[in-house]
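Chain and residue survey
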Amino acid sequence: MAFPGISRCRLLTAAFALGLGTHITDGAATNLIVSATVINACTISAVSTMEFSSVTSGESEATAKITYQCTNGVVPTLYHGDSPSFAGAASTFWMSSSTTEDKFYLYLYTADYTGMGSTQGTGRVLDLSDGSPQEYTVTGRIDVGTAVRAGAYTATVPLVLAY
């Protein structure tokens, strides 16, 4: 069949573009196998500062929010690690000042007034994770005795989120 003004090459190109040409049958076909393993994991993404208002004496409480995220289905446990501020008693830390030698206790506890715990076995078991970011509030209590001098006191408390 002849088409005036159209070369054989253009005709074949048009035929393939329209799907009218022959299909290539040489070659091999196989399937690509795709697999993935979802592992249990947790991360702490943010911790707010636990700030006590101006304290003169007596007990004072403050809170800090911990934002964390775990794999869906994980039940994490939150506890405090060891640090130079750890006072030795459960969930108790020294707060100290760079300008004085005075120290006083910071006691960390959870929503049900249970000490935070210092191991996975004594820590606070959190809710079953749904995979989205979660918040947990930790409360601290200090008791500033009458012998504590004025100053800015701090404590550094390492947090561990185990799963």
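Just above sits the structure.
Description of the structure in this document. None of the values given here were measured: they were computed from a predicted structure.

Moving on: the sheet that holds strand E3 (residues 77-80). An order of E6-E3-E9 is seen for the 3 strands of this open sheet, with the pairing classed as antiparallel. A strand with exactly one partner marks an edge of an open sheet, and here the two such strands are strand E6 (124-125) and strand E9 (159-162). Examined bridge by bridge, E3 and E6 share 2 bridges and lie antiparallel to one another. Within E6, the position partnered with Thr77 by the bridge is Val125.

When a protein is soluble and globular, its nonpolar side chains tend to lie buried together. In this structure, Leu78, Leu106, Val138 and Leu161 are the most contacted members of the largest nonpolar core, which totals 20 residues. Sorting the residues of this core by element identifies strand E2 (58-70), strand E4 (92-97), strand E5 (103-109) and strand E7 (134-144) as the ones contributing at least two each. Those residues in contact with Leu161, other than ones at most four positions away along the chain, are Cys42, Thr43, Ile44, Tyr68, Cys70, Pro76, Thr77, Leu78 and Leu126.

Once that is clear, we can look at the side chain of Thr71. Following the sequence through the fold, Thr71 ends up in the loop between E2 and E3. Under the relative-accessibility criterion, Thr71 is labelled buried at 17%. If we skip the residues at most four places from it in the chain, Thr71 touches Val38, Ile39, Asn40, Ala41, Ser129 and Gly131.

This brings us to the state of the cysteines. Tallying each qualifying case throughout the model produces 1 disulfide. Covalently, Cys42 is tied to Cys70 through a disulfide, its sulfur atoms 2.1 Å apart. Between Cys42 and Cys70, the S-S torsion sits near 115 degrees, and that sign places the bridge as right-handed. With Cys42 in strand E1 (residues 42-47) and Cys70 in strand E2, this pair connects stretches of sequence that are 28 residues apart.

Quick look at the side chain of Thr77 now. For Thr77, the location among the structural elements is in strand E3. When neighbours within four sequence positions are excluded, Thr77 is seen to be in contact with Gln120, Gly123, Arg124, Val125, Val160, Leu161 and Ala162.

The rules behind each value
Residues numbered from 1 in each chain as written. Predicted model: local features only at pLDDT ≥ 70, side-chain atom pairs only at ≥ 80, totals over all residues. Heavy atoms only, no water. Pairing = 2+ DSSP bridges. Helix = DSSP H or I, 4+ residues; strand = E, 2+ residues; numbered from the N terminus. Core = buried A, V, L, I, M, F, W, Y, C linked by side-chain atoms within 4.5 Å. Buried < 20%, exposed > 50% of the residue type's maximum accessible area, 1.4 Å probe, protein only. Contact = heavy atoms within 4.5 Å. Disulfide = S-S within 2.5 Å.

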